[in-house]
Amino acid sequence: MTTTLSAESSPATSTPAAPTLLRFEQLGLTYPTPKGPYPVLENVNLEVRAGEFICVIGHSGCGKSTLLNTVSGFAKPTSGQVLLNGQPIQRPGPDRMVVFQGYALLPWLTAYENVYLAVDSVKPELSERQKREIVNDHLQLVGLGTAAEKLITQLSGGMKQRVAIARALAIRPEVLILDEPFGALDAITKEELQEELLAIWNTQKCTVLMITHDIDEALFLADRLVMMSNGPAAGIGEVLTIDFARPRSREDIMEDPRYYELRNSALDFLYNRFAHDADG
Amino acid sequence: MTTTPSSGFSLAQWWKRNRKTILPPIFGIGGFLLCWQLSASLGLTKLSGPLSLWTEERTRELLLYPFFDRGGLDKGLFLHTMSSLSRVALGYALAAVVGIGVGIAVGLNNNLNRAFDPLFQFLRMVAPLAWVPIALVMFQQNQPAAIFVIFITSIWPILINTAEGVRQIPQDYRNVALVLQMSKQKFFTKILLPSALPYIFTGLRISIGLAWLAIIAAEIVMPGTPGIGFFIWDANQNGYVSDIVLGVIWIGAIGLILDRFMAWIQTRLAVGR
């Protein structure tokens, strides 16, 4: 299946100079099960340019997480490949840092120590002072300067997610992978964190792949929205290009008529053309 | 409790608040001792009653003077106990080191686990006393044989719990280590040990009780050296029943203290997490 582009999307809009960083080529992934092989993904083709913000949306169980796991290296494709800078991805590595769904912070360490452990593991050659500076800078960046010495168990969900993001960004990954990072948070914290993430992405310009269930979140954050068809053998159904000017403000894009066109076509995709009860 | 100096009033208050936790064990233990004494006095059993600790002169002396040392084996019970404790400490420390080490290896490597788990499950069912002849044949010497009996009795809970603790490290933490390409040493000290620590301590706590339980079996093989196990064995050979009762009470009390001590360390660790 080729990547079909919707009416709104015009090929190669934003920063035409940016080179391709990630390339999914005829990617397929099949799990062996007692009842025989179960195809999760089939014929996934996508190119992601350096510095792009990509959101992935689709019904639960459609293989979004599996798709991102092929980038992080936790899942191996059974056919096709994923190339990062032209090299096939073999194993997990710090150039593709993950913000895990359950934060995966170590509860016996403080917020500071969690971030420090990552920096120290990935860049052991730096001096003690440099490491400390990096950790403090990134904790500041997510607004956690004062809570740095708190144990993870003493932090709220939103604060934990901030630590997880600080940890991921502190090692300066080429690709930042977020698996439904804000799903468990209340609406206000969620909006705050979306804005912080966007602000940080604007300054660091890493490439972001983010799974979400929230169309508005995707429209606010992403350059492109990848909408997946239903499994088994899910693939990319459609890609929406979201070319609102950056830096974005929630108010501005809500007033833009294109916002509703994009929103409606995403809703149409999810609830009419690929409704969950539809025969997959 | 208030910090006012103990007046009649605050004492009464303290009693009111705590009597529900103090009275039942007093009644329970008192009732048990009473039944025991009655059954002994009525001749229902040949076992001396608790009062015999006082009425038998030899036993009373042992009860009142735990620190005397007339040389050789003629020592107070406290000194016997210390000899036993040092023996237990050695066997238990060995069991902790080997148990945690092998437990981690088995927990990390599924093939090792499949290879050895049946053996561990089998060996841990062997009673301490059964190890005595084997230990004697293996070492040909009393002291190492006794240490080995304590070691082999107490290692299994440490080993099995440590392995389980390592297996229970959440996949998320392992993934963090993978994506950061953490060194083995870092993974070990920053993730594996802290994550498995509660399990390891559960094992250590069960094992300290077992190590202490093994002391009698261990010291049976050590005639002529001081120790609480030997003391009981010796009293048994001589038919001093009230001495045996006293020795058993000492063993129970020390075991209780050891267990409480490990529990205390456990809670201290839990606070620091």
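Residue positions within a chain follow its written sequence, with the count starting from 1. A letter from A marks each chain and a number from 1 marks each ligand, given out in the order of writing. Local features are withheld for residues below a pLDDT of 70 in this predicted model, meaning they are given only at 70 or higher, and side-chain atom pairs are given and counted only at 80 or more; totals for whole chains, interfaces and linings count all residues. No hydrogens and no water enter the side-chain calculation; it runs on all heavy atoms of the structure.

Draft legend 1. Structural detail: the interface of chain B and chain A. Listed by partner, the interface residues are 15 residues for chain B and 24 residues for chain A. Of the roughly 1700 Å² buried between chain B and chain A on both sides combined, carbon and sulfur atoms contribute 72%. Should a side-chain nitrogen of Lys or Arg be within 4 Å of a carboxyl oxygen of Asp or Glu, the pair is scored as a salt bridge. The interface formed by chain B and chain A includes one salt bridge. With a shortest N-O distance of 2.8 Å, Asp120(A) and Lys186(B) are connected by a salt bridge. Pairs of N or O atoms are called polar contacts if they sit within 3.5 Å, as long as, within protein, a hydrogen donor faces a hydrogen acceptor (for residues adjacent in sequence, only side-chain-to-side-chain pairs). Taken together, the links from chain B to chain A amount to three residue pairs in polar contact (both at pLDDT 80 or more). Only α8 (171-179) and α9 (184-213) of chain B provide two or more residues apiece to the side of chain B that touches chain A. Put simply, DSSP H or I for four residues or longer makes a helix, DSSP E for two residues or longer makes a strand, and each gets a number counted from the N terminus. Broken down by element, the side of chain B that touches chain A gets its largest block of residues, six residues, from α8(B). The residue classification treats Ala, Val, Leu, Ile, Met, Phe, Trp, Tyr, Cys and Pro as nonpolar and Asp, Glu, Lys and Arg as charged. All others, Gly included, are polar. Counted by class, the side of chain B that touches chain A contains eight nonpolar, three polar and four charged residues. Whether two residues are in contact is decided by their heavy atoms, any of which lying within 4.5 Å being enough. Here the quantity called buried area is the accessible surface, traced with a 1.4 Å probe, that two parts lose on coming together, added over both.

Draft legend 2. Molecular detail of the pairing of strand β9 (residues 224-228) of chain A. Residues and elements named next belong to chain A. For every residue, the accessible area (1.4 Å probe, protein chains only) is compared with the maximum for its type, and the residue is labelled buried under 20%, exposed over 50%, or partly exposed between those bounds. When you tally the buried positions in β9, you get five out of five residues, the bulk of the element. Of the two faces of β9, the one carrying Arg-224, Val-226 and Met-228 and the one carrying Leu-225 and Met-227 are both buried. Strands pair, by our definition, only if DSSP identifies at least two bridges between them. Relative to β9, strand β3 (residues 53-57) runs parallel, the two being bridged by four bridges. Across the sheet, the residue bridging to Val-56 is Val-226, located in β9. Sheet topology places β9 next to strand β10 (residues 236-241); five bridges connect them, and they run antiparallel. Across the sheet, residue Met-228 finds its bridge partner in β10, namely Ile-236.

Draft legend 3. Quick peek at the packing of aromatic side chains. Note on aromatic pairs: the rings of Phe, Tyr and Trp (six-membered ring only in Trp) are paired at centre separations within 6.5 Å, and the planes decide the class, stacked below 30 degrees, edge-to-face beyond 60, tilted for the rest. Enumeration according to the criterion identifies 15 aromatic pairs over all chains in this entry. With 5.5 Å between their ring centres and 75° between their planes, Phe53(A) and Trp201(A) make a pair best called edge-to-face. A residue pair is termed long-range when its members are at least 10 positions apart, and Phe53(A) in strand β3 and Trp201(A) in helix α5 (residues 187-204) qualify at 148 residues. Taken as a pair, Phe53(A) and Trp201(A) share a single burial class, namely buried. Measuring from ring centre to ring centre gives 5.2 Å for Tyr259(A) and Tyr260(A), while their planes differ by 75°; the resulting arrangement is edge-to-face. Judged by relative accessible area, Tyr259(A) falls into the buried class, the value being 3%. Taken together, the ring pairs in this structure connect Trp131(B), Phe139(B), Phe148(B) and Phe151(B) into an aromatic cluster. One cation-aromatic arrangement involves Arg58(B) over Tyr240(B); the distance from NZ or CZ to the ring centre is 3.5 Å. Whether a charge sits over a ring comes down to the Lys NZ or Arg CZ being within 6 Å of the ring centre and within 35 degrees of the ring normal.

Draft legend 4. Structural detail: the sheet that holds strand β7 (residues 175-179) of chain A. Residue and element names in this part refer to chain A. Strand order in the open sheet formed by six strands is β6-β7-β8-β3-β9-β10, with mixed pairing between adjacent strands. Edge positions in the sheet fall to β6 (96-99) and β10, since each has one partner strand and no second. Direction aside, neighbouring strands of the sheet carry axes that sit 20° apart on average. All axes are obtained by fitting lines to C-alpha atoms, using only the stretch in contact for helices, and the reported angles, taken between N-to-C directions, cover 0 to 180 degrees. Sitting on the sheet, α5 touches β3, β7 and β8 (207-211), and the angle it makes with β3 is about 140°. The sheet contacts of helix α8 (residues 257-273) involve β3, β9 and β10, and relative to β10 the element is tilted by about 170°.

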